[in-house]
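Here's the letter readout for the chains.
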Amino acid sequence: MGRITPHARLEPHVQVPALAGEPSGSFIDQVMVVFHPGPRSYTGEDLVEISCHGNPLVVDGILGLIGATGLARLAHRGEFTRRAFLNRKMDLLQAEAVGALIGSTSATGCDMARSLLKGELSHRVGVLRDALAGITAEIESTFITEEEGVDALDIRERILPVKTAIDSLLEGAQESARLYAGISTTIAGAPNVGKSSLFNAIIGSDRAIVHHEEGTTRDVIREHLIIEGVDFIFHDTAGIRETASGPEQMGIEKTMEALASCDLLIYVVDARRGVAPFERRWLSQARRTIIAMNKIDLLEGEPVCESGYETVPVSARLGTGVRDLMTAMARAFSQDRPRVFLDRHILLLRKARRSLDSCLAAAREGLTPDVMAMDIRQAAQELSLMTGENLEGDILEQVFSRFCVGK
Ligand SMILES: Nc1nc2c(ncn2[C@@H]2O[C@H](COP(=O)(O)OP(=O)(O)OP(=O)(O)O)[C@@H](O)[C@H]2O)c(=O)[nH]1
Ligand SMILES: [Mg+2]
């Protein structure tokens, strides 16, 4: 039977070179092994890690060697992290953070996942849940001792700060899922204003075709760029005009779709002409808009700014103002990163908030503390589900089935 033979005694947490192969002498690879005895391992159980050369055939060979012993099987999706969670090495929020970190395709997304992994949200949610549990315990003890206890006003005073804290966690949560994936940015405007030139100037290469004739760009062109730590996914689009027909019209329809679904619109105008009245309705299509007043090198005098929108004068041809535009873009998205960005967490926080709202409404209607206690208990329960206490198996299934094999 094949074996993995270390060249030295396996000390805990010390990497040792080893030979993976058949005792007869044919070997598969020279590997490194490290033994992590529980509980000081990722899963909390005894764990051996084998590092081999990065060829899938070598990996298959070693897995075959281990499988042939009949002592091991391949892990299921997320099984390592699931075991770590079940062995209390991390709470569910942190386990989900591992999945989010592995799955992130953007620097911002990695940042957000890391803060979740560090346990910042776990700590905050834990404090809020304990506060709510404390209040219900107090209300309930009044029933038993029949003493004069907390009244509705007291409860209201103590619930309000918890609700405010949940409100602040949920602030920006809507946008956070997009931040996690990267800011979808559309460069749009009338034909020939210099959209493709600006796109090229921003990404720093001649990716899109630039031409003095109108209607050059037909298909949406996509590029990814990190600016001051924020990920932007740029789309250069066909010029919008109302009288287009044929393939140009089809290009414009794609632009309109991109406008409505993007997180940021860079609307390019020719500084000599400014924003035409018919263009105002495009400007308001997007969630956020920055106007790039292009071709300032051809302008005599000052550009006319469109009120209500941040406007940056640029010359895509000379590169003037392009850095200012990029800084304005990053600034629009680089405020405090929202801590809550996974749907499951947003949903549970909203439910908890709803229960607290119902509790506050009960206080206003003069209902007794026992009615309020039910709502508070419910809210505490939602927060417990966030960190993974009292979980049903199917929630674990949902969380870990999104992981890849081997984590
Ligand atoms: N002087 C000057 N010319 C520019 C500037 N930006 C673009 N141009 C010129 O304007 C013309 C059109 O540029 P494009 O970048 O193709 O414009 P576009 O908006 O992508 O055009 P369509 O895709 O056809 O809608 C080209 O001849 C560019 O060289 C600028 O800042 N200054
Ligand atoms: Mg173009």
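Rules used in this analysis
- Numbers given to residues run from 1 along each chain, matching the order in which its sequence is written.
- The naming scheme follows written order: chains are lettered A onward, ligands numbered 1 onward.
- For a predicted model such as this one, the threshold for reporting local features is a pLDDT of at least 70, and the threshold for listing and counting side-chain atom pairs is 80 or more; totals across whole chains, interfaces and linings nevertheless cover every residue.
- The start and end points of each domain follow an automatic or database-based domain assignment.
- By the criteria applied, helices consist of DSSP H or I runs no shorter than four residues and strands consist of E runs no shorter than two, each listed in order from the N terminus.
- Field definition: a residue is buried when 20 or more other C-beta atoms are found within 10 Å of its C-beta, exposed when 12 or fewer are, and partly exposed for counts in between, with C-beta atoms placed from the backbone.
- If DSSP finds at least two bridges between two strands, the strands pair.
- Between the N-to-C directions of two axes lies an angle of 0 to 180 degrees, each axis being a line fitted to C-alpha atoms and, for a helix, fitted only over the stretch in contact.
- Note on contacts: each residue gets a C-beta atom placed from the backbone, and two residues are in contact if those atoms are within 7 Å.
- What makes a residue near a molecule or strand is its C-beta atom, placed from the backbone, lying within 6 Å of it.
- Just so you know the grouping, Ala, Val, Leu, Ile, Met, Phe, Trp, Tyr, Cys and Pro go in nonpolar, Asp, Glu, Lys and Arg go in charged, and all remaining residues, Gly too, go in polar.
- Remark: nonpolar core denotes a set of buried Ala, Val, Leu, Ile, Met, Phe, Trp, Tyr and Cys residues whose joining runs through C-beta atoms within 7 Å.

## What to know about the domain arrangement of the chain
- Looking at the assigned domains, one finds that the chain contains domain 1 (3-74), domain 2 (105-171 + 341-401) and domain 3 (178-333).
- Between the C-alpha centres of domain 1 and domain 2 the distance comes to 45 Å.

## What to know about unusual backbone geometry
- For the peptide bond that leads from Gly38 to Pro39, omega is 5°, which places it in the cis range.
- Among the structural elements, Pro39 can be located in the loop between β3 (27-36) and β4 (47-51).
- We note that His13 has phi near 65°; this positive angle belongs to a residue other than glycine.
- Structurally, His13 can be placed in the loop between β1 (3-6) and β2 (16-21).
- Of the residues examined, His13 has 11 C-beta atoms within 10 Å and is grouped as exposed.
- In the Ramachandran plot, Asn192 falls in the positive-phi region, its phi being about 70° despite a non-glycine side chain.
- Looking at the element boundaries, Asn192 is found in the loop between β5 (183-189) and α8 (195-203).

## Details of the sheet that holds β3
- Taken together, four strands build an open sheet; the order of strands is β1-β2-β3-β4 and the sheet is antiparallel. Looking at which strands have only one partner, the edges of the open sheet turn out to be β1 and β4. Strand-to-strand twist across the sheet, computed as the mean angle between neighbouring axes with direction ignored, equals 35°.
- Of the strands in this sheet, β2, β3 and β4 touch helix α1 (residues 56-67), which is tilted by about 65° from β3.

## A word on the site of ligand 1
- Close contacts around ligand 1 come from 22 residues, with Gly194, Ser196, Ser197, Thr217 and Gly239 the closest.
- Per element, the largest residue contribution to the shell around ligand 1 is three residues, and it comes from α8.
- Its residues assigned to classes, the shell around ligand 1 comprises five nonpolar, 12 polar and five charged.

## Remarks on the environment of Cys52
- Residue placement: Cys52 occurs in the loop between β4 and α1.
- Residue classification places Cys52 among the partly exposed residues on the basis of 19 C-beta atoms within 10 Å.
- With 13 residues separating them in the primary sequence, Cys52 and Pro39 have C-alpha atoms 25 Å apart.

## Some points on the pairing of β3
- Sheet topology places β2 next to β3; six bridges connect them, and they run antiparallel. In the strand pairing of β3, Leu19 is matched with Gln30.
- Looking at chain direction, β3 and β4 are connected through five bridges and run antiparallel. Among the inter-strand pairings, Phe35 is bridged to a residue of β4, identified as Val48.

## Side note on the sheet that holds strand β10 (residues 310-313)
- On the basis of which strands lie adjacent, the open sheet formed by six strands has the order β6-β7-β5-β8-β9-β10 and mixed pairing. The open sheet terminates on both sides in strands that have one partner only, identified here as β6 (221-227) and β10. Strand after strand, the sheet turns through a mean of 25° between neighbouring axes, direction not considered.
- Across seven bridges, β6 lies against strand β7 (residues 230-236) in antiparallel orientation. Among the inter-strand pairings, Ile227 is bridged to a residue of β7, identified as Val230.
- Each of β5, β6, β7, β8 (264-270), β9 (289-294) and β10 is contacted by helix α11 (residues 322-333), which is oriented at about 155° to β10, the strand it contacts most.

## What about the nonpolar core?
- Grouped together as the largest cluster of nonpolar side chains are 85 residues, with contacts concentrated most on Leu198, Ala292 and Ile376.
- When residues in this core are grouped by element, the largest group, eight residues, is from helix α13 (residues 369-387).
- Residue assignment places this core across two domains, with domain 2 (105-171 + 341-401) and domain 3 (178-333) each supplying three or more.
- Excluding residues within four positions of it along the chain, Leu198 makes contact with Ile187, Val268, Ala292, Asn294, Val314 and Ala316.
- Ala20, Val31, Val33 and Ile62 belong to the second largest nonpolar core, which has six residues in total.

## Details of the environment of Leu283
- Summarising the element assignment, Leu283 is placed in helix α10 (residues 280-283).
- Sequence separation between Leu283 and Leu265 is 18 residues; the distance between their C-alpha atoms is 7.9 Å.
- In contact with Leu283, not counting residues within four places along its chain, are Tyr267, Thr289 and Tyr309.

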